[in-house]
Structure formats: C-alpha cells, structure tokens
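Structural overview for review
Residues per chain are reported as follows:
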Amino acid sequence: MRNALGEALTKAGEYLAAHDAFEEAARLARECGAEDELARAALGFEMASWAPGQPGVAAATMLREALAALRSGDSVTKVRLLSALARALIFCGNETQAIGVHRQAITMARRVGNRSALMSALVAALTVRATQPELSGERLGHIAEVQALARAAGDRVNELDAAAWSLFERIELGELDVWRAEIDVFERGANELRQPFF
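The model shown is predicted, which means the values in this text are computed figures rather than measured ones.

**A short note on the overall build of the protein**
Regarding its fold elements, the protein presents 10 helices and zero strands. In sequence order, the secondary structure elements of the protein are arranged as α-α-α-α-α-α-α-α-α-α. For the C-alpha atoms alone, the extent of the protein along its principal axes is close to 55 × 30 × 30 Å. Total accessible area on the protein is roughly 9800 Å²; 55% of this is exposed by carbon and sulfur atoms.

**A look at the environment of Leu 16**
Note that Leu 16 resides in helix α2 (residues 15-32). Distance in space between the C-alpha atoms of Leu 16 and Pro 52 is 9.5 Å, their sequence separation being 36 residues.

**Looking at the packing of helix α1 (residues 2-11) against α2**
Contact geometry of α1 with α2 gives a least axis separation of 8 Å together with a crossing angle of 160°. Judged on the interaxial angle alone, α2 and α1 are roughly antiparallel. α2 is crossed by α1, and the crossing has left-handed handedness. Along the contact surface, α1 presents Arg 2, Asn 3, Leu 5, Gly 6, Glu 7, Leu 9 and Thr 10, while α2 presents Tyr 15, Ala 17, Ala 18, Ala 21, Phe 22, Glu 24, Ala 25 and Leu 28.

The rules behind each value
- Residues numbered from 1 in each chain as written.
- Predicted model: local features only at pLDDT ≥ 70, side-chain atom pairs only at ≥ 80, totals over all residues.
- Heavy atoms only, no water.
- Helix = DSSP H or I, 4+ residues; strand = E, 2+ residues; numbered from the N terminus.
- Areas by Shrake-Rupley, 256 points an atom, 1.4 Å probe, with all protein chains shown as cover.
- Axes fitted to C-alpha atoms, helices over the stretch in contact; angles between N-to-C directions.
- Parallel < 35°, antiparallel > 145°, perpendicular 65-115°, else oblique.
- Left-handed = near helix turned anticlockwise from the far one by under 90°.
- Contact = heavy atoms within 4.5 Å.

Note that every value here comes from positions in space, so none of it alone points to a role or purpose.
Spelled out as structure tokens, the structure:
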C-alpha cells in the first residue's frame, strides 16, 4: 500500500512525499521479511531521488540492502535493482563503479530475456556524459536498442525516455539537423503523455 502511494506521488511529481512513502514501505518490508516489497520500495525511492536530481547516496544504500535480501541467481528484480544502483552511483559521483554495475545489469538482463528489464538496464547509466564523452557511441547504441524494443512493445514511456537521451547526445555531438528533427517528435510525444517528467 505504501509503495503504491509512493509510485502515485512520484508520477505526480511529489518527490519528497514519495520519499517518505517509500521509506515507510521499506521499514514495513524489513519487519515482514518481504524482499519483493523491499525491492519495490528501493526502486521507487531511487526514482523519486533521481528524477529531481537529488544525491544518490540514500538510494544506493537502500538498493544495496534490497539486492542483499534477494536469493542468489539471475532475476528481473535483480536486473532492475542493479540498473537503479548504477544510476544512483552516478549521483553519488562514483561513475567508474556505476559503469561496471550498469554493464552487469545489461548482461544479466540479456540472460533473463525480459524486454522491460533490458530497457531499464540500457537506459540506467545514460546520465554518464560530461566526464565520459568517449562512451557516446555506446550510449547511442543503447538508445537505439531501447527505442526499437519500446516500439515493438507499444511502450510510449520508454520510447520517449530514450528519445530524450538521444537529444542530449545529438546536441553534444553537434548534430543539430538530427537534433531539430528529433525534438519535434519528442515534443509531440511529450504532449501526448502529459507526465511531469517529460
């Protein structure tokens, strides 16, 4: 129940209130030994931290706790937690470790064979840009793969998310003609979805 509240608050752009809901959900999950709910709370807390650009230290701590509570072996939940941890590590200033965790998430996602988890993993570390310009080609490859997977699944949110990251890459590469074409498509999609983060 608290996780559902946190998710609703995040979608509404009420990030601080969402933090409180996810922290309470995590506390309840610990008391009950509910590893799935702990993972859900950690994932929600990280999203509510990342979206407004808050530091990732608290999110990374919660994500590591949730990972430690999971059984060994590959799983969709573990892919999502690793993906979120990679992004949280970026917002802790630990980009080198983030890249390693990100690659681990992508490798596991491909083994698991879950399209949604793979999209999450591919998008997770796209925020590594200013200090890692040499990874631009890799990021564009991830963006293109997410867009193809999202289109095939009819997933407009992930398709638009990938399109937003493509805009950053194109402007940084000086590809202004491509950027102009992509911004028009992005704006139409954002107007359709009407979500606060787009």
